[in-house]
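Chain residues, written in single-letter form:
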Amino acid sequence: MSKTAATKPHLEIRVVVFTLQESRLKVLLAPAQESFFAGKWMLPDAPILECTLEKSAAKQIEQLTGVGEVYLEQLYTYGDPGRHPACRLISIVYFALIPADSLQATKDTNNNSRWYGLEELPPLVMDHGEILDYALRRLRYKLEYSAVGFELLPEFFTLSELQHTYELILGEKLDKRNFRRRILEAGIIEATPHRRSGEGRPALLYRYRPDAVAEVKARRLFP
């Protein structure tokens, strides 16, 4: 094998897929396939198809989860020499958000993949732990200027569920009165005629306003 062939970079797509389950923020992982990574887990890879890279990532997420429409954006490209022990590997990484109710309507994940809470992660291959940390930082940062948190919620939700979603992503508690006052003042959600029964008085259901301004200083609203 020539030196040029031996050093030819290998290109791949990886996906970081978040959802909310059992009041925890979880990520989708798959068991590593290569022998020198035995016993470790990895962020799922996606074959590069005869379409855009984004569509290739989306199709693999649908294959793994059964959910066809997800929030998806490119995260970063990783290609430092030495990150893989056997080749020069360049990973184009996307991250996705899936509402829990979408998963409930599908079967369990395919191809031995599994949802893990961020506090109980198994050993990960290569730099996948760093990639996951960056994806979480990006998600938290996006709460500062967008309504991305709504991508993890069902269409209709209570104010308590909305606050809990923000708390899970941010990893901190938010003041209930302050949160409700400021989220309503922001004008990004609207009340619906529906209520959800439970303990005590039925809770009013809200939804994200489709005409709301996306650039929302959410983190500043909820210090």
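To be clear, the structure that these remarks concern was listed above.
Reference entry: report on the structure contained in this document. Here the structure is a predicted model, which means the values were calculated and not measured.

Turning our attention to the overall build of the chain. Check the secondary structure of the chain and you find seven helices and nine strands. Going through the 223 residues of the chain one by one, you find that 43% of them count as buried. Looking at the chain alone, contacts between residues at least 24 apart form 67% of all its contacts between residues at least 6 apart. Put simply, the chain shows about 12400 Å² of open surface, and 49% of that area lies on carbon and sulfur atoms.

Attention now moves to the nonpolar core. Counting 39 residues, the largest nonpolar core has Val-16, Phe-18, Leu-139, Phe-150, Leu-162 and Ile-189 as the members making the most contacts within it. Mapped by element, the contributors of at least two residues to this core are strand S1 (10-21), strand S2 (24-31), strand S5 (71-78), strand S6 (89-98), helix H4 (128-142), helix H5 (159-170) and helix H6 (176-186). Excluding its chain neighbours within four sequence positions, the residues that come into contact with Ile-189 are Phe-150, Phe-157, Leu-159, Leu-162, Ile-183, Leu-184, Tyr-206, Arg-207, Tyr-208 and Arg-209. Core analysis: the second largest hydrophobic core is formed by 16 residues, Val-17, Leu-64, Leu-103 and Trp-115 among them.

Glancing now at the side chain of Ser-113. Here Ser-113 lies in the loop between helix H3 (100-104) and strand S7 (114-117). Of the residues examined, Ser-113 reaches a relative accessible area of 7% and is grouped as buried.

Asn-178, Phe-179 and Ile-183 are the residues of H6 that are buried. The arc that holds the buried residues of H6, viewed along the axis, is 115°, so those residues lie on one side. Those residues of H6 that are exposed and angled more than 90 degrees off the buried face are Arg-177 and Glu-185. The backbone nitrogen of Arg-177 has a side-chain oxygen 3.4 Å away, supplied by the residue at the start of H6, namely Asp-175. Directly after H6, the chain includes Gly-187, whose backbone phi takes a positive value near 70°.

Our next topic: the environment of Leu-152. Checked against the element boundaries, Leu-152 lands in the loop between H4 and H5. Along the primary structure Leu-152 and Thr-165 are separated by 13 residues, whereas in three dimensions their C-alpha atoms are 7.7 Å apart. Sequence-distant contacts of Leu-152, that is, excluding residues within four places in its chain, are made with Phe-18, Thr-19, Leu-20, Leu-25, Leu-97, Ile-98, Pro-99, Ala-100, Thr-165 and Ile-169.

A few words now on the environment of Lys-142. Summarising the element assignment, Lys-142 is placed in helix H4. By relative accessible area, which is 8% here, Lys-142 ends up buried. Setting aside residues no more than four positions away along its own chain, Lys-142 makes contact with Tyr-71, Glu-73, Phe-95 and Val-148. In terms of polar contacts, Lys-142 uses its side chain to reach the side chain of Tyr-71, at 3.5 Å.

Turning our attention to the pairing of S6. Most of S6 is tucked away: nine of the ten residues are buried. Summarising the sheet, S1 and S6 pair through ten bridges and their orientation is parallel. Paired with His-10 across the strands is Leu-89, a residue of S6.

Calculation criteria
Residues numbered from 1 in each chain as written. Predicted model: local features only at pLDDT ≥ 70, side-chain atom pairs only at ≥ 80, totals over all residues. Heavy atoms only, no water. Helix = DSSP H or I, 4+ residues; strand = E, 2+ residues; numbered from the N terminus. Buried < 20%, exposed > 50% of the residue type's maximum accessible area, 1.4 Å probe, protein only. Contact = heavy atoms within 4.5 Å. Areas by Shrake-Rupley, 256 points an atom, 1.4 Å probe, with all protein chains shown as cover. Core = buried A, V, L, I, M, F, W, Y, C linked by side-chain atoms within 4.5 Å. Arc of directions from axis to C-beta. Polar contact = N/O pair within 3.5 Å; in protein donor to acceptor, adjacent residues only side chain to side chain. Pairing = 2+ DSSP bridges.

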